[in-house]
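Coordinates in review
One-letter residues, chain by chain:
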Amino acid sequence: MIYLARTLTFFVLTLIFFQNSASASALIRVAAGANAAAIQSAVDQFRTDLGGANNGVGGAFSNGRREINWDGVPDSFAEPNALPFNFFNVNSPRGVIFHSVANIGGNHQFRVSATTASGTAVRFGNLDPSYSIIFQTFSPERLFQARFANEIEIIFFVPGTTRPATVSGFGAVFCDVDSSNTFIEYYAPDGSKISGSSLNVASNGLSFIGTSFTAGERVAKVIIRLGNSNLQAGNVDGTNSVDVVAMDDFIYGEPHAMEFHTGDFDGDGFTDSNIFRPATGQWFTINSGSNTLRIVQWGQNGDIPVDGDFDGDRVADQAIFRPSDGSWWIHKSSDAGAIITTFGTAGDKPIVGDYDKDGKSDIAVWRPSNGNFLITRSSENFATFFGFPFGQNGDIPVQGAAQ
Ligand SMILES: [Ca+2]
Ligand SMILES: [Ca+2]
Ligand SMILES: [Ca+2]
Ligand SMILES: [Ca+2]
């Protein structure tokens, strides 16, 4: 924890900041080995990185993670049948759709391997018998791949909707990685690549990579290349330089709407109905994504409630400005941690917004006595600020006008 204190004589302000966000960005967990046990601890660590809850199917959640292990896919969508590209946002809504370079019949199709009970050979042995030998599972008994392609794009949505979304991280298990042909790349909403890695090799074994981002970066798309060849009869791994790879579990952060919407505490892209009760310091929210009530204890009588996305996960954070001592208390939606700082004084009006254009809300006040805007920069972890005169006593700042 870094402690910063400075006296700003011009504005007669004292800024005290307890900083708890690191400047690091990509947190990468990797493992590879002969079997599931060899990668289990890295998988579990990555789950912890994303958040403890497994959010399952449907709904919208402020944090936590989602998982796909393929094992609940019905036989009608498993080998020898195709898996639709949108199965995991329509049939089983978990906020992902898949693309591949092979566009078969106007519908991007994918493969999920058969179960023993189905009578079709397991682990893609129905395509080539060698696949049942070189591929093993992390979670029995189904695996995943593209049809007629070996590169997959993963796009995120608010689960069960067509609203584009982003996640804080993504990880996957790979089967029979033999070379750096197999890689994963992470892309931001603006199309820029924010991280990329080749998988660790484990011939006939399992490899895992999970990357999460700790400085507010958001992942809009993941691209995965699997070996150098698609799965098909006669494409035998290790023969004629063929390297085929399959996949097992996907693990990723809860998808949140691409853009932040004020008052959106569940991240589904719509403002929720919110009440702050001063007598008890309770926040009551009707989550628009699930029509459920949430109650959060944050603040006390005399505090001025505000909301904003101070941690950059596209979900509103409960925040209060305490006029009696000029303190701000922000309850981060990403990890339930706190940002506590002092900025402003009694009589100031909170005017939270994104003034430095970094996608995160800035702690800010407007001072009626001299008509000054005073704004911290979230891009510098609220450690610096700027100010300018605009307006005069008696005016009402439009940001936060309800206060
Ligand atoms: Ca291989
Ligand atoms: Ca909402
Ligand atoms: Ca937030
Ligand atoms: Ca900002």
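Everything numeric here is computed off the predicted structure, so don't read it as measured data.

What about the overall build of the chain?
The secondary structure content of the chain amounts to 2 helices and 28 strands. Taken over the C-alpha atoms alone, the chain extends approximately 80 × 40 × 35 Å along its principal axes. Residues counted as buried form 46% of the 403 residues belonging to the chain.

Regarding the domain arrangement of the chain
Segmenting the chain into domains produces domain 1 (2–20 + 260–265 + 299–389) and domain 2 (26–257). The straight-line distance from the C-alpha centre of domain 1 to that of domain 2 is 40 Å. With 12 residues of domain 1 in contact, the opposing surface of domain 2 contributes 8 residues. By residue class, the composition of the side of domain 1 that touches domain 2 is 2 nonpolar, 5 polar and 5 charged.

Topic: the sheet that holds strand S19 (residues 282–287)
Spatially, S18-S19-S20 is the arrangement adopted by the 3 strands of the open sheet, whose pairing is antiparallel. Each edge of the open sheet is held by one strand with a lone partner, namely strand S18 (273–277) and strand S20 (292–297). Each neighbouring strand pair of the sheet contributes to a mean axis angle of 15 degrees, computed without reference to strand direction. Summarising the sheet, S18 and S19 pair through 5 bridges and their orientation is antiparallel. Along S19, the bridge assignment pairs Arg277 with Gln282.

Some words on the sheet that holds strand S26 (residues 364–367)
In spatial order, the strands read S25-S26-S27-S28; together these 4 strands make up an open sheet with antiparallel pairing. Of all strands in the sheet, those bounded by a partner on one side alone are strand S25 (349–350) and strand S28 (385–389).

Structural notes on the nonpolar core
Phe174 and Met247 are the most contacted members of the largest nonpolar core, which has 67 residues in total. By residue number, the principal contributor to this core is strand S11 (residues 169–177), which donates 6 residues. Every residue in contact with Met247, bar those within four places of it in the chain, is listed here: Leu143, Phe144, Gln145, Ala172, Val173, Phe174, Cys175 and Leu226. Counting 19 residues, the second-largest nonpolar core is a separate cluster that includes Val306, Phe321, Leu374 and Phe382.

A word on helix H1 (residues 36–50)
At 3.6 residues per turn, the α-helix brings residues three or four places apart onto the same side. The first and last C-alpha atoms of H1 sit 20 Å apart over 15 residues, in line with the 21 Å expected at 1.5 Å per residue. Of all the residues in H1, the buried ones are Ile39, Ala42, Val43, Phe46, Asp49 and Leu50. Looking at the buried side of H1, the elements it contacts are strand S3 (26–33), strand S4 (65–68), S11, strand S14 (202–213) and strand S16 (246–253). With its phi angle positive at about 125 degrees, Gly51 sits one or two positions after the end of H1.

Focus: the environment of Cys175
By the secondary structure assignment, Cys175 is in strand S11. Residues Cys175 and Thr271, 96 residues apart in the sequence, show an inter-C-alpha distance of 42 Å. Apart from residues lying up to four places away in sequence, Cys175 is in contact with Phe135, Gln136, Leu143, Leu206, Val245, Ala246, Met247 and Asp248.

Focus on the pairing of strand S23 (residues 327–331)
The pairing of strand S22 (residues 317–322) with S23 spans 5 bridges and is classified as antiparallel. Its bridge partner lying in S23, Ile320 is registered against Trp329. From the end of S22 to the start of S23, which pair antiparallel, there are 4 residues, and Gly326 there has a positive phi angle of about 70 degrees. If you look at the hairpin formed by S23 and strand S24 (residues 338–342), you'll find 6 residues sitting between the two strands, and Ala336 has a positive phi there, around 65 degrees.

A short note on unusual backbone geometry
In the segment running from Glu79 into Pro80, the intervening peptide bond is cis, with an omega of 10 degrees. One can find Pro80 in the loop between S4 and strand S5 (83–84). Cis rather than trans, the peptide bond between Pro140 and Glu141 has omega equal to 5 degrees. Backbone geometry places Trp70, a non-glycine residue, at a positive phi of 75 degrees. Relative to the elements of secondary structure, Trp70 occurs in the loop between S4 and S5. The residue Asn240 is not glycine, and still its phi comes out positive at about 55 degrees. Mapped onto the elements, Asn240 comes out in the loop between strand S15 (221–225) and S16.

Cut-offs applied
- Residues numbered from 1 in each chain as written.
- Chains lettered and ligands numbered in written order.
- Predicted model: local features only at pLDDT ≥ 70, side-chain atom pairs only at ≥ 80, totals over all residues.
- Helix = DSSP H or I, 4+ residues; strand = E, 2+ residues; numbered from the N terminus.
- Buried ≥ 20, exposed ≤ 12 C-beta atoms within 10 Å, placed from the backbone.
- Domains from an automatic or database assignment.
- Contact = placed C-beta atoms within 7 Å.
- Nonpolar A, V, L, I, M, F, W, Y, C, P; charged D, E, K, R; others polar.
- Pairing = 2+ DSSP bridges.
- Axes fitted to C-alpha atoms, helices over the stretch in contact; angles between N-to-C directions.
- Core = buried A, V, L, I, M, F, W, Y, C linked by C-beta atoms within 7 Å.
- Expected span 1.5 Å × (residues − 1).

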